Structure formats: structure tokens, C-alpha cells
Amino acid sequence: MSSDGNKKQFWKRNAAKVPGSIQHVYGAQHPPFDPLLHANLIKAGNKPPPATPGKPKKATTFQEFESITSDAWDVGDDDDELLAMAAQNLNIEVVMETANKVSFELEKEIQDEEEDEEDEEDRVEEALHRQRSLPHRPPVIPLVARMADQNTSGTPAMTEREASRLDKFKQLLAGPNTDLGKRYSSNTSSSCVLQSGYLPANAERRESVLQRKRQEYFGFIQQYYDSRNDEHHQDTYRQIHIDIPRMSPESLVLQPKVTEIFERILFIWAIRHPASGYVQGINDLVTPFFVVYVFEYIEEEVENFDVSSLQEEALRNIEADSFWCMSKLLDGIQDNYTFAQPGIQRKVKALEELVSRIDESVHRHMQHYEVEYLQFAFRWMNNLLMRELPLRCTIRLWDTYQAEPEGFSHFHLYVCAAFLVRWRKEILEERDFQGLMILLQNLPTMHWGNEEVSVLLAEAYRLKFAFADAPNHYKR
């Protein structure tokens, strides 16, 4: 089956999943005239009246027009006479040959469609089988592992080197001034608030700044949140309310207390940023910060924890801190969410150019099967790989982004390139559009941990050092 056929079949199968998609409606076709059914009419020898040359007489009044057309849809002997007249002007052998040919072509088309559907089902099953057969770690891994040690429920224990780095990090934070020019990576709330720019580097000023920012956030709540049902803002609030249940982990975000917190955070951010407002995808960006701050108060996996059991003061601190860290992140990538999302458009184009230089085989393979980068990489840029990686890996990845200058706005491009090329073997094994799209939208990363993310980041750094300061290297 051709790539165009595969592509049409793929979108046809998935059209029903897209709200508001247009479904084709096919009208009934009038069956071809079969003279055998009207043989008695032919034998009767009824001849049509001779045709009169010139234009037919035009009805001059509505009554004449009505009398001429009143029997147009009547079913009776007049219909048989009309069929008989048509039959006399047809060659029976030609008619039968044409009818048989049409019938044969229809049967062949139906048979081809059934074979194509069977082939597609086989390809889908084969793709899923390949994913299931990939080597993986034991399945008992929490969706969000402990950030500090990564050693619960089957995740790798902290190495001696990692423990040493964590101790060094804590010593640096304990000093009177923290050098934010250095790169820190610890997956802790202290790392979040410092590296995001939420807190000052001077230790003496941190507590006062923290209290002031928390009070400022709840001042926004008092000022703006009651307007969520106003005509001007109700569409924004309604979309937020719809999107939150679609987030993950469901066991966390579907808790009523968490849903309320996320609704307030997203609505206040949208009100304070009218240039973009709320855009689908922004809702995912709250979760990593929220989870990191919740971990400061608990000792178990967050997906099994009832957030409402925390004290009210702790919940207020988590909410305000999550809001400000998300705001700092979005300040650097807001053009991803303004009208037409130009930031994402540019980054997807840059990704295509970069991959064409670092792995031409992968690039040409996707071109051959007409896979556009925008079809899969838009989500990578819009959600910052949150839909492609487990949350524990996203937190580890973002920790590096915050330590890296322009990590979310610039370094993320090289991470996406390294991430795509990481699956080159699986990509080159796919031989049609549908198989490639299924793979790229369901990459088998469920059992990834710190080790896989560290390798990915190392490759991204290599690409950045090779291409970031020499952009013409990846332009043809």
C-alpha cells in the first residue's frame, strides 16, 4: 500500500478521536438499469412516440406546469413504459458487460480495502509487540520516585558519587551567598526556588522575600479569582476546568484539593498575561513544581498521598511557590503560547534542520514516508517533553534546564534532537506513515530513570557545543 494510502487511512481512523472533525457522508447511488428485470417490457414492443424537433413547449401558467409534472414521482405503469423505452435504445450485451465490469471493480475495491485493513492491523500489532519486547527494568516503579535518593520501589539506589554531590550542594546552599552562576542539579525545592530566580542568592533575604511573594500571590487570588465566572473570563476558566482532569498523574490531579489549587494557579497566570492568556499545554507545566514542593512535607510516593491531609499553611505555601516558579519558567518561553505560537513554529523548524545534519538517514526516512516534524514535535515543544517521559524523569530533566542558561528556551532544542535520534533504530524499522506516527507518539520510556536522562542530557550537551555557536553548521 502506498504512503499516501497509509496516511489517509491513519487520519481516517483517528478522525473520530478529534472533537469537531468532519465525517464524510456518502449518498446512495442509483443501481444500474438491468434489462433482464424488465424483459417483459421489451417483449411488449412498446415504442416511444417520435421525438418532435425543437424546444419543448414551455408552461405558461403554474396550472399547466403542475399538470405536466404532477405524475413525476408516481409509481405505476408509466414507470414501466419509460423503462421499456430506455431499454429499446440500449444494446443488451453492452449493458450486461458494463454492469458485470462495474460489479467486478466494486468487489475488487471492497476486497482491497479489507486486505488493507488487515495489513494495518498487523502493522499496529507488530509495532506494539516491538515496544513490549524492548528490554526494560522491573515494572514496579513509582510514577514519581523520591527525588532526593531515587531508591524506592525498585528505582536505582543513589551512587556514592551522587550522594557526594548532594552533600556538596547542601553545603553551598548553607552559605551566606549562593553563586547562581554555577550549575546545580539536586532535584530539591531549594534548587527550584534558587535556580528559577524566585529567591535571591543572599541567604539573609530569602525568608522575607519568600513571605512577600506568597502574600502577593494570595492578593491576586482575592483581586481576580472571583471574576472567573464573568462573561469576559468564563471561557478561560471553563477550558482550564476541562484540561486539568486530562493531566497526569491522575491519582494526584484528580484529588479535589489539588484540582482547586491548579485551577487557581492557571487562572491567575492567564489573567496576568493577557498577551497569551491560557493555552492548552500550560496546565502540564505546573505539575513538576507542585510535586517537588509536596515532597518537602511527605516521606512516601506522591501518587499514593492524600494532599488534603497536609496542614493549610503547607498547602498555601506549595500553591504560591508553584505559581511563581511556573511564572518564571513561562517568562522565558511566552512566545510559545502567544497567537499562532511562533516560538514553537521556529523551534520545530530548527529541530528539523538540526536532525537533517546530525542524522540524515532518520531525516530522509521520515521525509520518504511524509512524516512532518510538526506532527510529533509540536507536543515536545508545547509540553516540554512532559507527555513523552515519566514525571520523575521530567523533574530530573527540568532541574538541568534551570541550571542551564536559557535551558527551557534554547537547550531544550538539543534535548529534543538527542531524544529523536535516540530512537533511530526503531524509526528506521518502521516502513509506513502510520507505524512511524504510532512509534513517535508512544515512545517506550515508562521505565526510564536517572541513568537514561543523564545519557540524553550528555548527548544534548555534545550537540549544543557543536552547533549552538555555529548555527550555519546545521543549515544547508
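Nothing here was measured: the structure is a model prediction, and the numbers come from that model.

*Asks:* Please set out the overall build of the chain residue by residue, giving values where relevant.
*Replies:* Across its full length, the chain holds 21 helices and zero strands. Across the 476 residues of the chain, 43% fall into the buried class. Of the contacts made within the chain by residues no fewer than 6 positions apart, 74% connect residues no fewer than 24 positions apart. Carbon and sulfur atoms form 52% of the exposed surface of the chain, whose accessible area is close to 27400 Å².

*Asks:* Mind laying out the packing of helix α14 (residues 342-358) against helix α18 (residues 407-421), listing which residues take part and the relevant values?
*Replies:* Remark: α14 packs on α18, axes separated minimally by 10 Å, with the N-to-C direction vectors making an angle of 45°. On the basis of the axis angle, α14 is oblique to α18. Of the two elements, α14 crosses α18, and the hand of that crossing is right-handed. Residues K347, A350, L351, L354, V355 and I358 of α14 form the contact with α18, whose participating residues are F408, S409, L413, Y414, C416, A417, L420 and V421. Residues of the contact of α14 with α18, tallied by class, amount to twelve nonpolar, one polar and one charged.

*Asks:* Describe in detail the environment of R422, supporting the description with residues and values.
*Replies:* Mapped onto the fold, R422 is located in the loop between α18 and α19 (424-429). Residues R422 and V455, spaced 33 residues apart in sequence, show a C-alpha to C-alpha distance of 9.9 Å.

*Asks:* Account for the packing of aromatic side chains, with residues named and values stated.
*Replies:* Across all of its chains, the model carries 21 aromatic pairs by this definition. Measuring from ring centre to ring centre gives 5.2 Å for Y401 and F408, while their planes differ by 80°; the resulting arrangement is edge-to-face. In this pair, the class of Y401 matches that of F408, namely buried. For the ring pair F411 and Y461, a centre distance of 4.7 Å and an interplane angle of 35° mean the geometry is tilted. Here Y461 lies in helix α21 (residues 450-467) and F411 lies in helix α18, a separation of 50 residues in the sequence. Given the relative accessible area of 0%, F411 is considered buried. Sitting over the ring of Y237, R228 keeps its end group 5.7 Å from the ring centre. Above the plane of the ring of F218 lies R316, whose end atom (NZ or CZ) is 3.8 Å from the centre.

*Asks:* Outline the side chain of T394, listing residues and values.
*Replies:* By the element assignment, T394 lies in helix α17 (residues 391-403). The buried category is assigned to T394, whose relative accessible area is 1%. In contact with T394, other than residues within four places in its own chain, are P288, L385, M386 and L389.

*Asks:* Please provide a residue-by-residue account of α18, values included.
*Replies:* Helix length check: α18, at 15 residues, gives a terminal C-alpha distance of 20 Å against a target of 21 Å (1.5 Å per residue), a fit within 8%. Listing the buried residues of α18 in full gives G407, F408, F411, H412, L413, Y414, V415, C416, A417, A418, F419 and L420.

*Asks:* Explain the packing of helix α16 (residues 374-382) against helix α20 (residues 433-441) residue by residue, including any values.
*Replies:* Any two packed helices are characterised by how steeply their axes cross, that is the angle between the axes, and by the distance between the axes. Viewed as axis vectors pointing N to C, α16 and α20 meet at an angle of 10°, and their least axial separation amounts to 10 Å. One way to sum up the angle between α16 and α20 is to call them roughly parallel. Contacts between α16 and α20 involve Q375, F376, R379 and W380 from the former and F433, M437, L440 and Q441 from the latter. When its residues are assigned to classes, the contact of α16 with α20 shows five nonpolar, two polar and one charged.

*Asks:* Report on the nonpolar core, specifying residues and quantitative values.
*Replies:* Of all hydrophobic cores here, the largest spans 101 residues; its most connected members are M326 and W398. Setting aside chain neighbours within four positions, we find M326 in contact with I265, L266, W269, I282, L285, V286 and F289.

*Asks:* Could you give an account of the pattern of salt bridges, naming the residues involved and the relevant values?
*Replies:* Scanning the entire structure with this criterion turns up twelve salt bridges. The salt bridge involving R246 is made with D243; its shortest N-O contact spans 3.1 Å. You can call R246 exposed: its relative accessible area is 52%. Classification of D243 by relative accessible area gives buried; the value is 3%.

*Asks:* Would you mind going over a negative patch on the surface in detail, with residue names and values included?
*Replies:* Taken together, the side chains of D226, D230, E231 and D235 present a region of like negative charge at the surface. With respect to the helices, strands and loops of the structure, D230 is situated in the loop between α8 (203-224) and α9 (234-243).

*Asks:* Go over unusual backbone geometry, please, and point to the residues and values.
*Replies:* Omega for the peptide link from S248 to P249 comes to 0°, which places this bond in the cis form. Within the secondary structure, P249 sits in the loop between α9 and α10 (250-253). Here the phi dihedral of Q341 falls at roughly 50°; this positive angle occurs in a residue that is not glycine. Structurally, the position occupied by Q341 is in the loop between α13 (312-331) and α14.

*Asks:* Give a description of the environment of V355 that names residues and reports values.
*Replies:* Mapped onto the fold, V355 is located in helix α14. For V355, a relative accessible area of 0% translates into the label buried. C-alpha of V355 to C-alpha of A417: the two residues are 62 residues apart in sequence and 6.2 Å apart in space. Apart from the residues lying within four places of it in its own chain, the contact partners of V355 are E360, V362, H363, Y373, A417 and L420.

*Asks:* Any chance you could break down the side chain of Q341 for me, citing the residues and the numbers?
*Replies:* With relative accessibility at 16%, the residue Q341 sits in the buried group. Of the polar contacts made by the side chain of Q341, one reaches the side chain of N382; its length is 3.2 Å. With near-sequence residues (within four places) excluded, Q341 lies in contact with V279, D335, N336, F378 and N382.

*Asks:* Give me the confidence of the model for the chain: which residues, what numbers.
*Replies:* On average, residues of the chain score 76 in pLDDT, and 58% of them reach the 70 mark or higher. In the model, residues 72-76 has pLDDT below 50 throughout and makes one contact with residues more than four positions away in sequence or in other chains. Note on residues 184-190: pLDDT under 50 across the span, and 28 contacts to partners over four residues away in sequence or across chains.

Rules and cut-offs
- Residues numbered from 1 in each chain as written.
- Predicted model: local features only at pLDDT ≥ 70, side-chain atom pairs only at ≥ 80, totals over all residues.
- Heavy atoms only, no water.
- Helix = DSSP H or I, 4+ residues; strand = E, 2+ residues; numbered from the N terminus.
- Buried < 20%, exposed > 50% of the residue type's maximum accessible area, 1.4 Å probe, protein only.
- Contact = heavy atoms within 4.5 Å.
- Areas by Shrake-Rupley, 256 points an atom, 1.4 Å probe, with all protein chains shown as cover.
- Axes fitted to C-alpha atoms, helices over the stretch in contact; angles between N-to-C directions.
- Parallel < 35°, antiparallel > 145°, perpendicular 65-115°, else oblique.
- Left-handed = near helix turned anticlockwise from the far one by under 90°.
- Nonpolar A, V, L, I, M, F, W, Y, C, P; charged D, E, K, R; others polar.
- Phe/Tyr/Trp six-rings, centres within 6.5 Å; stacked < 30°, edge-to-face > 60°.
- Lys NZ or Arg CZ within 6 Å of the ring centre and 35° of its normal.
- Expected span 1.5 Å × (residues − 1).
- Core = buried A, V, L, I, M, F, W, Y, C linked by side-chain atoms within 4.5 Å.
- Salt bridge = Lys/Arg side-chain N within 4 Å of Asp/Glu carboxyl O.
- Patch = residues over 30% accessible without salt bridge, like charges linked within 9 Å, V, L, I, M, F, W, Y side chains within 5 Å.
- Lys, Arg positive; Asp, Glu negative; His and termini not counted.
- Charge placed at Lys NZ, Arg CZ, Asp CG, Glu CD.
- Polar contact = N/O pair within 3.5 Å; in protein donor to acceptor, adjacent residues only side chain to side chain.
- pLDDT = per-residue confidence, 0-100.

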